[in-house]
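For reference, the chains in residue letters:
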Amino acid sequence: MQQERLRALGEMASGIAHDINNSLSPVMLYTGLLLEQKTNLGPDSRRHLETIQRAVSDVAETIARLKEFYRQREPQLTLASVQLNQLAEQVVALTRARWHDVPQQRGIVVQIKTALSPDLPAVLGAESEIREALINLVFNAVDAMPQGGTLTLRTKVSDKKVGVEIADTGTGMDEATRRRCLDPFFTTKGERGTGLGLAMVYGIAQRHNADLKIESELGKGTVIRLTFPAATSAIASPVTSSSKGPILPRLRLLVVDDDPLLLQALCDILEADGHVVVATNGGQAGIDAFQVALGRKEPFAVVITDLGMPYVDGRAVAGAVKAASPSTPVILLTGWGRRLGSKGDVPPHVDCVLSKPPKPVELREGLARCLAAPV
Ligand code: ADP
Ligand code: MG
């Protein structure tokens, strides 16, 4: 019975994941476009857009992990070199509403301080996971200070280990709570709590070979510290958002999607890159447009199609395109999780799978890959 429940839950989760990935796509595409194109943005606007971009990427990562949780597989960590000092600053910015805006509406002041050790070595990890852990710790710290107080994010280095800690001057935990606080579903917050925050932090610590330490004193406050082994060798840091990816010649592109917002976002990005784009709503319209263009001897260089569409889906579009013109590359956009593409299970007639929400640079890389490889 439990297996059956998990299966049903998994199906529901994957449906929700699909919808969320779809809805995030225009956000991802337009923030990418604005950051790339608007060179006259003020520093504040740029910082806000970068925060939006990071937050959206994190949601996509969370969704990808949710899927893996229900598939009951170990999440694969993509390790990169992570700067905890940078991450701490980001977390302060990302959680501002929770420690500043919300308490202040009730006249409560939560002071936030950072004490970041200079020249902190990088650690090896999955940036979005560590960020999520820190965000959870900040939320817990704020919850523990209903009358206000001080929240400190501190980084430290000692003996080839790099630590990041979150300290609050809140209620603290009694011994029984401290012993159970990592348990999944353990919460002292009643309906408001899920009891999953610290369980998740613990899981993330384990996957990173990090040590999780909790010091708490009732009435005084709590310090929670994550200690990572310092990264030894230099590992390529993740691609920065400033890199725009490959530069492509002007292309005639057919874009097929049943979601008007996403269709518009894709067109705007591709047209901003100088391409000529024909957008069609739905699979059959896409196939029709493809054949008309072929008949007119104005073929498309590449077809970009959504996977899940009513009546005629992306696989059918890809099949029809290849039947009419075997050499035309097809890119499939899918909301079914970040990692479908990396597994190598590319459907027939498809040259490249891109996950939603796509970044502009990923679109360009996909196009470049298709055009480079002989079909
Ligand atoms: P939730 O926040 O949903 O309750 P968590 O797993 O994040 O779930 O935390 C579990 C419990 O641990 C909390 O309900 C709280 O009792 C205790 N706790 C966690 N962080 C702190 C903290 N900084 N100060 C005091 N108690 C805490
Ligand atoms: Mg919590």
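Higher on the page you've got the structure.
Residues numbered from 1 in each chain as written. Chains lettered and ligands numbered in written order. Predicted model: local features only at pLDDT ≥ 70, side-chain atom pairs only at ≥ 80, totals over all residues. Heavy atoms only, no water.

Participant: So what exactly am I meant to see when it comes to helix H8 (residues 260-272) here?
Facilitator: Note: α-helices contain 3.6 residues per turn, so residues at a spacing of three or four share the same orientation. Between its first and last C-alpha atoms H8 spans 18 Å; for 13 residues at 1.5 Å apiece the expected length is 18 Å, and the two agree. Among the residues making up H8, those that are buried are Leu262, Leu263, Ala265, Leu266, Cys267, Ile269 and Leu270. If you check the start of H8, you find a side-chain oxygen 3.0 Å away from the backbone N of leucine 261, and it comes from aspartate 259. Looking one or two places after H8, you find glycine 274, whose phi comes out positive at around 95°. (Helix = DSSP H or I, 4+ residues; strand = E, 2+ residues; numbered from the N terminus. Expected span 1.5 Å × (residues − 1). Buried < 20%, exposed > 50% of the residue type's maximum accessible area, 1.4 Å probe, protein only. Polar contact = N/O pair within 3.5 Å; in protein donor to acceptor, adjacent residues only side chain to side chain.)

Participant: Hey, could you run me through the sheet that holds strand S6 (residues 211-217) in this one?
Facilitator: Strands belonging to one sheet form pairs held by backbone hydrogen bonds; the direction of such a pair is parallel or antiparallel. Read across the sheet, five strands follow the order S2-S4-S5-S7-S6 without closing on themselves; strand pairing throughout is mixed. Either end of the sheet is taken by a strand with one partner, and the two such strands are strand S2 (110-115) and S6. Shown here is a sheet whose adjacent strand axes are inclined to one another by a mean of 15°, direction ignored. Here S6 pairs with strand S7 (residues 221-229) via seven bridges, running antiparallel. (Pairing = 2+ DSSP bridges. Axes fitted to C-alpha atoms, helices over the stretch in contact; angles between N-to-C directions.)

Participant: What am I meant to see in the packing of aromatic side chains here?
Facilitator: Under the counting rule described, the total for this entry stands at one aromatic pair. Its guanidinium or amino end placed over the ring of phenylalanine 139, arginine 98 lies 4.3 Å from that ring's centre, counting from NZ or CZ. Sitting above the plane of the phenylalanine 300 ring, arginine 252 keeps its charged end 4.9 Å from the centroid. (Phe/Tyr/Trp six-rings, centres within 6.5 Å; stacked < 30°, edge-to-face > 60°. Lys NZ or Arg CZ within 6 Å of the ring centre and 35° of its normal.)

Participant: Would you take a moment to explain the pattern of salt bridges for this structure?
Facilitator: It is possible for side chains bearing opposite charge to pair when their charged atoms get close. Using the criterion set out here, one finds 20 salt bridges in the structure. One salt bridge in this structure joins lysine 220 and glutamate 217, with 3.4 Å as the shortest N-O distance. What makes lysine 220 exposed here is its relative accessible area of 55%. The network of salt bridges with shared partners includes Arg154, Lys156, Glu165, Glu215 and Arg225. (Salt bridge = Lys/Arg side-chain N within 4 Å of Asp/Glu carboxyl O.)

Participant: Got a minute to help me understand the site of ligand 1 in this structure?
Facilitator: Taken together, 19 residues surround ligand 1, and among them Thr187, Thr188, Lys189, Thr194 and Leu198 come closest. Here an oxygen atom of ligand 1 sits 2.9 Å away from a polar atom, N or O, in the main chain of glycine 195. Within the contact set of ligand 1, an oxygen atom lies 2.8 Å away from a backbone nitrogen or oxygen of leucine 198. Grouping the constituent residues of the shell around ligand 1 by class yields seven nonpolar, ten polar and two charged. (Near = heavy atom within 4 Å. Nonpolar A, V, L, I, M, F, W, Y, C, P; charged D, E, K, R; others polar.)

Participant: So what exactly am I meant to see when it comes to the packing of helix H3 (residues 84-94) against helix H5 (residues 127-143) here?
Facilitator: Close contact between H3 and H5 brings their axes to 10 Å; oriented N to C, the two are set at 50°. The orientation of H3 with respect to H5, classified from their angle, is oblique. Here the hand of the crossing between H3 and H5 comes out right-handed. Counting all contacts with H3, which are made through Leu84, Leu87, Gln90, Val91 and Leu94, the residues of H5 involved are Glu127, Ile130, Arg131, Leu134, Ile135 and Val138. In terms of residue class, the contact of H3 with H5 is built from eight nonpolar, one polar and two charged. (Parallel < 35°, antiparallel > 145°, perpendicular 65-115°, else oblique. Left-handed = near helix turned anticlockwise from the far one by under 90°. Contact = heavy atoms within 4.5 Å.)

Participant: What am I meant to see in the sheet that holds strand S12 (residues 352-355) here?
Facilitator: The strand order across the open sheet formed by five strands is S9-S8-S10-S11-S12, and the pairing between neighbours is parallel. Two strands close off the open sheet at either side, each with one partner strand: strand S9 (276-281) and S12. Shown here is a sheet whose adjacent strand axes are inclined to one another by a mean of 20°, direction ignored. Against the sheet, helix H10 (residues 314-324) touches strand S8 (252-257), strand S10 (302-306) and strand S11 (330-334), its axis set at about 160° to S10. Sheet strands in contact with helix H11 (residues 360-372) are S8, S10, S11 and S12, and its direction is about 175° off that of S12.

Participant: What is the right way to look at the nonpolar core in this model?
Facilitator: Core analysis: the largest hydrophobic core is formed by 37 residues, its most contacted members being Leu84, Leu134, Leu151 and Leu226. Counting only elements with at least two residues in this core, the list comes to H3, H5, strand S4 (149-158), strand S5 (161-168), helix H7 (197-207), S6 and S7. Considering each element in turn, this core owes the most residues, eight residues, to H5. Apart from residues lying up to four places away in sequence, leucine 134 is in contact with Leu87, Val91, Val164, Ile166 and Leu226. If you look at the next biggest cluster of nonpolar residues, it comprises 23 residues, including Leu29, Leu33, Leu367 and Cys370. (Core = buried A, V, L, I, M, F, W, Y, C linked by side-chain atoms within 4.5 Å.)

Participant: Please explain the packing of helix H9 (residues 283-295) against H10 as it appears in this structure.
Facilitator: Between two packed helices, the angle of one axis relative to the other and the distance separating the axes together describe the packing. Where H9 contacts H10, the axes come no closer than 9 Å and their chain directions differ by 15°. Regarding the angle of H9 to H10, the classification is roughly parallel. Pair H9 / H10 crosses with right-handed handedness. The residues of H10 that touch H9, namely those facing Gly283, Ile287, Phe290, Gln291 and Leu294, are Ala316, Val317, Ala320, Val321 and Ala324. Of the residues in the contact of H9 with H10, the class split is eight nonpolar, two polar and no charged.

Participant: Would you mind going over the environment of alanine 368 with me for this structure?
Facilitator: Secondary-structure assignment places alanine 368 in helix H11. In this structure, the C-alpha to C-alpha distance between alanine 368 and proline 249, residues 119 residues apart in sequence, is 9.7 Å. In this structure, alanine 368 is in contact with Pro246 and Leu248, ignoring residues within four places of it in sequence.

Purely geometric numbers; function is a separate question.
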